[in-house]
Amino acid sequence: MERQAARIAVFISGGGTNLQALIDGYKAGILSGKVVWVVSSSEKAYGLTRAENESIETFVFKPKKYPTPEAAAADLLSRLQERRIDYIALAGYLKLLPDNVVGVYHNRIVNIHPALLPKYGGKGMYGHHVHEAVLASGDKESGATVHLVDEIYDQGRILSQVRIPVLPDDTPDSLAERVLEQEHKLYPRVLNKLIRGEYELSDE
Ligand code: GRF
């Protein structure tokens, strides 16, 4: 009997090209998990339209709309559990996940970052800030990283990286574009390996 596809929630804040890569990865048989829920920090994120185009349920999560941060966190976790979500993939999500979600989904939350962590990670290192910092440093290569998410920004265990050369005439835009192209190939493959239990993970 065929194994049931794992159920994935993708968290976004913007364009959602990585979300699209995960949706397409499932269709292409590269990813043995299906995106069944898309959570956005903003109602304006174009990724929401991508989800609607694929008939995937969406939710805009705004913690400030709840009476307390704890109420917001509890609501998010119960929505994840109601939908029997197995894995969470952060794809350009600019907020921190509540600790209760990080705890319950230990070793089942991944993020993609547009640089070679541990360099160029942490607070404030997102979007163009990352590529500007790489170019300013004079580094000869950059890339993308998929890592597990724990309580600290960009510091969970690295699962996989792809490296690309920085070209002499690169701008933040041109570098971002080449990195993004690689992200789309890397993310579905790494998430697939995680779902299939191909990484040795500690239970701590
Ligand atoms: C990507 O560069 C990803 O690495 C970073 O945010 C960006 C999201 O892009 N975390 P998109 O919304 O997937 O197009």
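Nothing here was measured: the structure is a model prediction, and the numbers come from that model.

Peer 1: Is there a simple way to explain the side chain of Asp-75 in this structure?
Peer 2: Inspection of the secondary structure assignment puts Asp-75 in helix H3 (residues 69-82). Of the polar contacts made by the side chain of Asp-75, one reaches the side chain of Tyr-66; its length is 2.5 Å. Once residues within four sequence positions are removed from consideration, Asp-75 is found in contact with Phe-59 and Tyr-66.

Peer 1: Help me understand the side chain of Ser-42 in this model?
Peer 2: Structurally, Ser-42 is set in the loop between strand S2 (33-40) and helix H2 (46-53). Polar contacts involving the side chain of Ser-42 include one to the main-chain amide nitrogen of Lys-44, which spans 2.9 Å. If we skip the residues at most four places from it in the chain, Ser-42 touches Ser-13, Leu-48 and Val-60.

Peer 1: Would you mind going over the packing of aromatic side chains with me for this structure?
Peer 2: For the structure on display, the rule yields four aromatic pairs. Both rings, one in Phe-11 and one in Tyr-93, keep their centres 5.2 Å apart while their planes meet at 85 degrees; by these two values the pair is edge-to-face. Here Tyr-93 lies in the loop between strand S4 (87-90) and helix H4 (99-104) and Phe-11 lies in strand S1 (residues 6-12), a separation of 82 residues in the sequence. In this structure Phe-11 comes out as buried when scored by relative accessible area, which is 0%.

Peer 1: Got a minute to help me understand the site of the ligand in this structure?
Peer 2: All residues in the neighbourhood of the ligand are listed as Gly-15, Gly-16, Thr-17, Asn-18, Gly-92, Ile-112, His-113, Pro-114, Leu-180 and Glu-183. Between the ligand and Thr-17 there is a distance of 2.5 Å, counted from an oxygen atom to a side-chain nitrogen or oxygen. At a separation of 2.8 Å, an oxygen atom of the ligand approaches a polar backbone atom of Asn-18. Notes on the ligand: free accessible area 370 Å², of which the protein chains cover 80%.

Peer 1: Please clarify how the pairing of strand S6 (residues 141-148) should be interpreted in this entry.
Peer 2: Two faces make up the sheet, and in a regular strand the side chains alternate between them. Summarising burial for S6: seven of the eight residues are buried, a large majority. In this structure, strand S5 (residues 109-113) lies alongside S6, joined through four bridges in antiparallel fashion. By the bridge assignment for S6, Asn-111 is matched with His-147. When S6 meets strand S7 (residues 158-165), the two strands line up antiparallel, connected through seven bridges. Counterpart to His-147 in the pairing with S7 is Ile-158.

Peer 1: I'm lost on the pattern of salt bridges in this one. Help?
Peer 2: Two side chains bearing opposite charge may form a pair once their charged atoms approach each other closely. Applying the stated rule across the entire model yields nine salt bridges. Where Lys-62 meets Glu-43, a salt bridge forms, and the shortest distance between an N and an O atom there is 3.0 Å. Linking Lys-62 in the loop between strand S3 (57-60) and H3 with Glu-43 in the loop between S2 and H2, this pair joins segments that are 19 residues apart in sequence. Residue class for Lys-62 comes out partly exposed when judged on its relative accessible area of 26%. The residue Glu-57 makes a salt bridge to Arg-83 at a minimum N-O spacing of 2.8 Å. Residue Glu-57 is found in strand S3, and its partner Arg-83 is found in the loop between H3 and S4; the two are separated by 26 residues along the sequence. We classify Glu-57 as partly exposed; its relative accessible area is 38%. Taking the relative accessible area as the measure of exposure, Arg-83 reaches 16% and is therefore buried. What you see here is one network of salt bridges that share partners, running through Glu-57, Glu-82 and Arg-83.

Peer 1: Before we go on, may I ask you to explain the environment of Leu-135 in this structure?
Peer 2: For Leu-135, the position within the fold is in helix H5 (residues 128-137). If we ignore the near neighbours within four places in the chain, the residues touching Leu-135 are Val-166, Asp-170, Thr-171, Pro-172 and Leu-175.

The rules behind the values
- Residues numbered from 1 in each chain as written.
- Predicted model: local features only at pLDDT ≥ 70, side-chain atom pairs only at ≥ 80, totals over all residues.
- Heavy atoms only, no water.
- Helix = DSSP H or I, 4+ residues; strand = E, 2+ residues; numbered from the N terminus.
- Polar contact = N/O pair within 3.5 Å; in protein donor to acceptor, adjacent residues only side chain to side chain.
- Contact = heavy atoms within 4.5 Å.
- Phe/Tyr/Trp six-rings, centres within 6.5 Å; stacked < 30°, edge-to-face > 60°.
- Buried < 20%, exposed > 50% of the residue type's maximum accessible area, 1.4 Å probe, protein only.
- Near = heavy atom within 4 Å.
- Areas by Shrake-Rupley, 256 points an atom, 1.4 Å probe, with all protein chains shown as cover.
- Pairing = 2+ DSSP bridges.
- Salt bridge = Lys/Arg side-chain N within 4 Å of Asp/Glu carboxyl O.

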